[in-house]
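# Chains, contacts and geometry: an overview
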Amino acid sequence: PSDRQMFVNDDSLNIPENMFYLSEREKEVEQRIFTMQAASEKLVSACIRYRTAVLLSGPSGTGKTTFARHLAKSSLSSIVSSYLGKTSENIGKIFSVVARDPKALLFLDELDAVAVNRNHENDGSSASSEMKRVTLSIMQNMDTLSPHTIVVAATNKIDAIDNALIRRFPIQHEVLPLSEDERVNMVRQFLNAVKENAAGSFKLNWDDSDLLQYAHEAEGRSNSKITDQLSQAIADMLVANSMQLAFPAKAKEN
């Protein structure tokens, strides 16, 4: 619908499933989400209102947004992402759109940017008062959603979010940086996915010992930085008219 376009980002739904990497921790959370969603239908019949709401926290770049996109890609009909607007009126518009599709997934990215802790001292500014109204609006609108709707939110600063809002997320999960073994698996899966998806267009080969060295040196670098760096290396390979990937010499940030 026309009133949906300003809030919806469907680009991620076009990403092939084999491009997503999930650690075992996130796979367990994914299973719990869909298990609880199924259970919520039975709870409703018993007059128990349970909503599958997930609050993802953790450092920037660990994959919170990617995880939400994976959930939307794998099992859900639509995703509302990353655009909340400046007023409670726009918040209401988002929730009214979601309410039309009870099987939707509502993704609230960078929740701490709009859902402030109302217990913090009010500086008296109109902006501060408006953000507290927005926080209250989010909570009130969440309470009106169908139990079948999945709500996922992400934040880098969980301590900045109002406790009353946090309580509306029965599933809370901290997304941690990948271990070295997990980085190896992510890089290998990414390259294998590119190789599979590019079949017939170009060939991609690499030395596995170089892959292991690259993953080791990539400690401290975000997941998105790693995939960006690999994508650039593949582009450089194609420009050089080669089929052998040259991993970046250094993966750590300066």
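Nothing here was measured: the structure is a model prediction, and the numbers come from that model.

### Remarks on the overall build of the protein chain
- Along the protein chain, the regular secondary structure elements total eight helices and five strands.
- When the helices and strands of the protein chain are placed in sequence order, the string is α-β-α-β-α-β-α-β-α-β-α-α-α.
- In the protein chain, which comprises 254 residues, the proportion classed as buried is 43%.
- Expressed as a percentage of contacts within the protein chain between residues at least 6 apart in sequence, the contacts between residues at least 24 apart total 79%.
- Of the accessible surface of the protein chain, which amounts to about 13400 Å², a share of 49% is contributed by carbon and sulfur atoms.

### Looking at the packing of helix H6 (residues 180-197) against helix H7 (residues 208-217)
- Relative to each other, H6 and H7 sit at 130°, their axes nearing to 9 Å. The orientation of H6 relative to H7 falls into the category oblique. Relative to H7, the crossing made by H6 is right-handed. Residues Glu-180, Arg-183, Val-184, Val-187, Arg-188 and Leu-191 of H6 lie in contact with H7, whose contacting residues are Asp-208, Leu-211, Leu-212, Tyr-214, Ala-215 and His-216.
- Its residues placed into classes, the contact of H6 with H7 shows seven nonpolar, one polar and four charged.

### Section: the nonpolar core
- In this structure, Leu-111, Ile-138, Met-142, Leu-165 and Phe-169 are the most contacted members of the largest nonpolar core, which totals 24 residues.
- Within the residue set of this core, elements represented by two or more residues are strand E1 (53-57), helix H3 (88-99), strand E3 (105-108), helix H4 (126-142), strand E4 (150-155) and helix H5 (163-166).
- Not counting the four nearest positions on each side in its chain, Phe-169 is found in contact with Ala-53, Val-54, Leu-55, Leu-111, Met-142, Val-151 and Ala-153.
- Core analysis: the second largest hydrophobic core is formed by 21 residues, Ile-226, Leu-230, Ile-234 and Phe-247 among them.

### Description of the environment of Ala-193
- Inspection of the secondary structure assignment puts Ala-193 in helix H6.
- In the structure, Ala-193 is positioned 177 residues away from Pro-16 in sequence and 8.5 Å away in space, judged by C-alpha atoms.
- Contacts of Ala-193, omitting those with residues within four sequence positions, involve Asn-18 and Met-19.

### Considering the side chain of Thr-62
- Among the secondary structure elements, Thr-62 is positioned in the loop between E1 and helix H2 (64-75).
- Since its relative accessible area comes to 8%, Thr-62 is described here as buried.
- Polar side-chain contacts of Thr-62 include one of 2.8 Å to the backbone oxygen of Pro-59.
- With near-sequence residues (within four places) excluded, Thr-62 lies in contact with Val-175, Leu-176, Pro-177 and Asn-223.

### As for the pattern of salt bridges
- For the structure shown, the criterion picks out four salt bridges.
- Salt-bridge contacts for Glu-182 lead to Arg-25; the nearest nitrogen and oxygen are separated by 2.9 Å. Of this pair, Glu-182 sits in helix H6 while Arg-25 sits in helix H1 (residues 24-45), and the two are 157 residues apart along the sequence.
- Judged by its relative accessible area of 27%, Arg-25 falls in the partly exposed class.

### A word on the pairing of strand E5 (residues 171-174)
- Of the two faces of E5, only the one carrying Ile-171 and His-173 is buried; Gln-172 and Glu-174 on the other face are not.
- Alignment of E1 against E5, held across four bridges, turns out to be parallel. What sits directly across from Ser-57, in E5, is Glu-174.

What counts, and at which threshold
- Residues numbered from 1 in each chain as written.
- Predicted model: local features only at pLDDT ≥ 70, side-chain atom pairs only at ≥ 80, totals over all residues.
- Heavy atoms only, no water.
- Helix = DSSP H or I, 4+ residues; strand = E, 2+ residues; numbered from the N terminus.
- Buried < 20%, exposed > 50% of the residue type's maximum accessible area, 1.4 Å probe, protein only.
- Contact = heavy atoms within 4.5 Å.
- Areas by Shrake-Rupley, 256 points an atom, 1.4 Å probe, with all protein chains shown as cover.
- Axes fitted to C-alpha atoms, helices over the stretch in contact; angles between N-to-C directions.
- Parallel < 35°, antiparallel > 145°, perpendicular 65-115°, else oblique.
- Left-handed = near helix turned anticlockwise from the far one by under 90°.
- Nonpolar A, V, L, I, M, F, W, Y, C, P; charged D, E, K, R; others polar.
- Core = buried A, V, L, I, M, F, W, Y, C linked by side-chain atoms within 4.5 Å.
- Polar contact = N/O pair within 3.5 Å; in protein donor to acceptor, adjacent residues only side chain to side chain.
- Salt bridge = Lys/Arg side-chain N within 4 Å of Asp/Glu carboxyl O.
- Pairing = 2+ DSSP bridges.

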